[in-house]
Amino acid sequence: MINLKKIPSMDEILIQEEIKQLMVRYKRDYVVQTARTAVEEIRESLRKINTEIEKKAILTSIIDSIKLKAENDDKGTLQRVINGTGVVLHTNLGRAPLGARALSHMQEIGRNYNNLEMDLETGERGSRYSHIEGLLQKITGAEAALVVNNNAAAVMLALTTLAEGREVIVSRGQLVEIGGAFRIPEVMKLSGATLVEVGTTNKTYISDFSQAINEATALLFSAHTSNYQIIGFTSEVPMSELVSLGQKQEIPVFLDLGSGIISSLLPDGLKKEPTVQECVQAGADIISFSGDKMLGGPQAGIIVGKRKYIEQMKKNQLLRALRVDKLILAGLEGTLLEYLSAYPEENLPINKMLAATQEDMEAKAEAFLSILKEQLSDIPILVHNQTSPAYSANELLLELQKVALEDMVGGGAYPNHKLPGAGVELEFKHISLEQAAAKLRQGKLALVARRQDNKMLISVRTLLAGDELEIAAMIRELLLNPSRK
Ligand SMILES: *Cc1c(COP(=O)(O)O)cnc(C)c1O
């Protein structure tokens, strides 16, 4: 308590040269507010100290704290993260990283004025929804298309437009909840449609659907059970049967595909699900999927299908609240254009990561290990199965080796499918794994990796160009200055 009286007044703080400098760069109000917070915090810590502290030292620590706070605020909070988890579509890490063409298109459209809602042929007002439609028609073969904010919005729009106040038949085995609290029953309720559950959790037959049809039936609905799989004694209605029932009864069939696969270049194990094109061809009336899952684009909800239904959705007032932004349209257009190219797997990071074979991953892990070994050559580390200089157990800071790993698609796609991968396993010797992981997450650049049995596992599948060198620098910094933040 003896130091509290030495806390300088706000006026005194604000006339300090370093604070005046800050006010050249930042708004005065913001600096004053930051100074108040800094003083408050220092007052709190001084309360606990019973030894004399010089007034000058208190002022200095207040100034340092203000500067540090301003510096931190200036970074923002959304930042780049290196994904070492091997989960390709990691929802917490922003799902699909975008391809070069999507990014450059977003820059061009974002930086300039553009024809978002102008028809340049007539000079009249145009529709933002016209831009991507032609491309989606060409790629999927559908009659019409519409893009909204995300797939949850797409499902909402389709249900509200086509089934409000009426009934929608769904198999009990598909009453899914997708990450981020998207629950089919809840969405159904919000949309004003009545959910009619048929079949059982593990078995639903086409007869269950046909028996439930009546005059109030608006849609036959099928949701992709993206993030779980009922294994064993199960039976779901094949899409083709649902489509023929819908056609016979003249009731539209709506497929919420979740991921929506367009690429025909997926590795064998990932080919078992029907592509969007196949669903269109089979005659599904409305199909929805996300822009940022298997498609590899920005967050968006894509609806393709029969023109008469899409036209009704375009007229729904709700669309105004779900509409996509020009940057998203630019990113999506840039992404979809890659699907017209002969090598979409080359230019879309997601496709490239998913198509990578075990041999590709082995080679990438080997190269990563070499980079680590080289960048840390002057530090006491042990690389297993390679000749490294000998250090005593006491000196060693890190042991590492190449390991085989199982990667995942993620994003609620292919819940049980493991991609054979590889990576590097690190065992920190002088700090705990908890500490190491926290430091690597909280530095200037963040690394998120897997942990297992007190070891850190970095999968190379999800590393983007240049990440390896940056990880090496981060680990170097961590080993040399384990206590510095
Ligand atoms: C992911 C998913 C959604 C939600 O999509 P968002 O684009 O995240 O809104 C809806 N339905 C299914 C089946 C999904 O897999």
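Residues numbered from 1 in each chain as written. Predicted model: local features only at pLDDT ≥ 70, side-chain atom pairs only at ≥ 80, totals over all residues. Heavy atoms only, no water.

In terms of regular secondary structure, the protein is built from 19 helices and 18 strands. In terms of its C-alpha atoms, the protein occupies a principal-axis envelope of roughly 85 × 60 × 50 Å. Counting only residues that meet the buried cut, the protein has 47% of its 485 residues in that class. Surface exposure of the protein reaches about 24,500 Å², of which carbon and sulfur atoms provide 50%. Counting 55 positive and 61 negative side-chain charges, the protein places the centres of these two groups 5 Å from one another. (Helix = DSSP H or I, 4+ residues; strand = E, 2+ residues; numbered from the N terminus. Buried < 20%, exposed > 50% of the residue type's maximum accessible area, 1.4 Å probe, protein only. Areas by Shrake-Rupley, 256 points an atom, 1.4 Å probe, with all protein chains shown as cover. Lys, Arg positive; Asp, Glu negative; His and termini not counted. Charge placed at Lys NZ, Arg CZ, Asp CG, Glu CD.)

At a closest axis distance of 9 Å, the pairing of helix H7 (residues 151-163) and helix H12 (residues 307-315) adopts a crossing angle of 100 degrees. The angle between H7 and H12 falls in the class roughly perpendicular. Contacts between H7 and H12 involve Leu157, Ala158, Thr161 and Leu162 from the former and Tyr309, Gln312 and Met313 from the latter. A breakdown of the residues in the contact of H7 with H12 according to their chemical character gives five nonpolar, two polar and no charged. (Axes fitted to C-alpha atoms, helices over the stretch in contact; angles between N-to-C directions. Parallel < 35°, antiparallel > 145°, perpendicular 65-115°, else oblique. Contact = heavy atoms within 4.5 Å. Nonpolar A, V, L, I, M, F, W, Y, C, P; charged D, E, K, R; others polar.)

Looking only at helix H2 (residues 17-25), the buried set comprises Ile19, Leu22 and Met23. Down the axis of H2, the sector holding all buried residues measures 100 degrees, keeping them to one side. Of the exposed residues in H2, those oriented more than 90 degrees away from the buried face are Val24 and Arg25. Buried residues in H2 make contact with helix H1 (10-14), helix H3 (28-47) and helix H4 (55-75). (Arc of directions from axis to C-beta.)

Among the six residues in strand E11 (residues 253-258), six count as buried, and that is most of the element. Pairing between E11 and strand E12 (residues 286-290): four bridges, direction parallel. Across the sheet, phenylalanine 254 pairs through a bridge with isoleucine 286, a residue of E12. (Pairing = 2+ DSSP bridges.)

This brings us to the sheet that holds strand E13 (residues 301-305). Pairing is mixed in the open sheet, where seven strands are placed in the order E5-E13-E12-E11-E10-E6-E9. Strand pairing shows two members of the sheet lacking a second neighbour, strand E5 (144-148) and strand E9 (194-198), which therefore form its edges. The sheet shows a mean angle of 20 degrees between the axes of neighbouring strands, taken without regard to direction. Bridge analysis of E5 against E13 gives five bridges, and the strand direction is antiparallel. The residue of E13 that forms the bridge with leucine 146 is isoleucine 303. Across the sheet, H12 lies against E5, E12 and E13, angled at about 30 degrees from E5, the strand it touches most.

Now for H3. The terminal C-alpha atoms of H3, which comprises 20 residues, lie 29 Å apart, in line with the 28 Å expected from a rise of 1.5 Å per residue. What H3 keeps buried is the set Val31, Val32, Thr34, Ala35, Ala38, Val39, Ile42 and Leu46. Looking down the long axis of H3, one finds its buried residues gathered within 160 degrees of arc, a one-sided arrangement. Exposed side of H3, more than 90 degrees from the buried face: Asp29, Gln33 and Arg36 are the residues found there. Each element contacted by the buried residues of H3 is listed here: H1, H2 and H4. (Expected span 1.5 Å × (residues − 1).)

The next subject is the environment of valine 460. Inspection of the secondary structure puts valine 460 in the loop between strand E18 (455-459) and helix H19 (467-480). Judged by relative accessible area, which is 0%, valine 460 ranks as buried. Expressed as a C-alpha distance, the spacing of valine 460 and lysine 27, which sit 433 residues apart in the sequence, is 44 Å. The residues contacting valine 460, other than those within four sequence positions of it, are Met361, Lys364, Ala365, Phe368, Ala422 and Gly423.

Attention now moves to the pattern of salt bridges. Pairing between side chains of opposite charge can happen when the charged atoms of each approach one another. Tallying each qualifying case throughout the model produces 26 salt bridges. As a salt-bridge pair, lysine 429 and glutamate 399 come within 3.0 Å of each other at their nearest N and O atoms. Of this pair, lysine 429 sits in the loop between strand E16 (413-428) and helix H18 (433-442) while glutamate 399 sits in strand E15 (residues 398-410), and the two are 30 residues apart along the sequence. Owing to a relative accessible area of 16%, glutamate 399 belongs among the buried residues under this scheme. Taking the shortest distance from any N to any O, the salt bridge between glutamate 434 and arginine 451 comes out at 2.9 Å. With glutamate 434 in helix H18 and arginine 451 in strand E17 (residues 446-452), this pair connects stretches of sequence that are 17 residues apart. The class of arginine 451 is partly exposed, set by a relative accessible area of 40%. Put simply, Glu117, Arg125, Arg128 and Arg323 are held in one network by salt bridges that share partners. (Salt bridge = Lys/Arg side-chain N within 4 Å of Asp/Glu carboxyl O.)

Let us now look at the nonpolar core. Among the nonpolar cores identified, the biggest contains 40 residues, and Leu220, Ile287 and Val304 are the most heavily contacted of them. Formed by 35 residues, the second largest nonpolar core is a distinct cluster that contains Ala365, Leu398, Val424 and Ala437. (Core = buried A, V, L, I, M, F, W, Y, C linked by side-chain atoms within 4.5 Å.)

All right, on to the packing of aromatic side chains then. Scanning the model with the defined rule gives two aromatic pairs in all. When the centroid spacing of 5.0 Å and the interplanar angle of 70 degrees are considered together, the rings of phenylalanine 221 and phenylalanine 254 count as edge-to-face. Here the residue phenylalanine 221 occupies a position in strand E10 (residues 217-223), and phenylalanine 254 occupies one in strand E11, the gap between them amounting to 33 residues. In this structure phenylalanine 254 comes out as buried when scored by relative accessible area, which is 0%. (Phe/Tyr/Trp six-rings, centres within 6.5 Å; stacked < 30°, edge-to-face > 60°.)

Moving on to unusual backbone geometry. Of note, the phi angle at glutamate 250 is positive, near 55 degrees, even though the residue is not glycine. Looking at where glutamate 250 falls in the secondary structure, it is placed in the loop between helix H10 (239-249) and E11. Taking relative accessible area as the criterion, glutamate 250 reaches 72% and is therefore assigned exposed. Despite not being glycine, aspartate 453 has its phi angle at roughly 45 degrees, a positive value. Within the secondary structure, aspartate 453 sits in the loop between E17 and E18.

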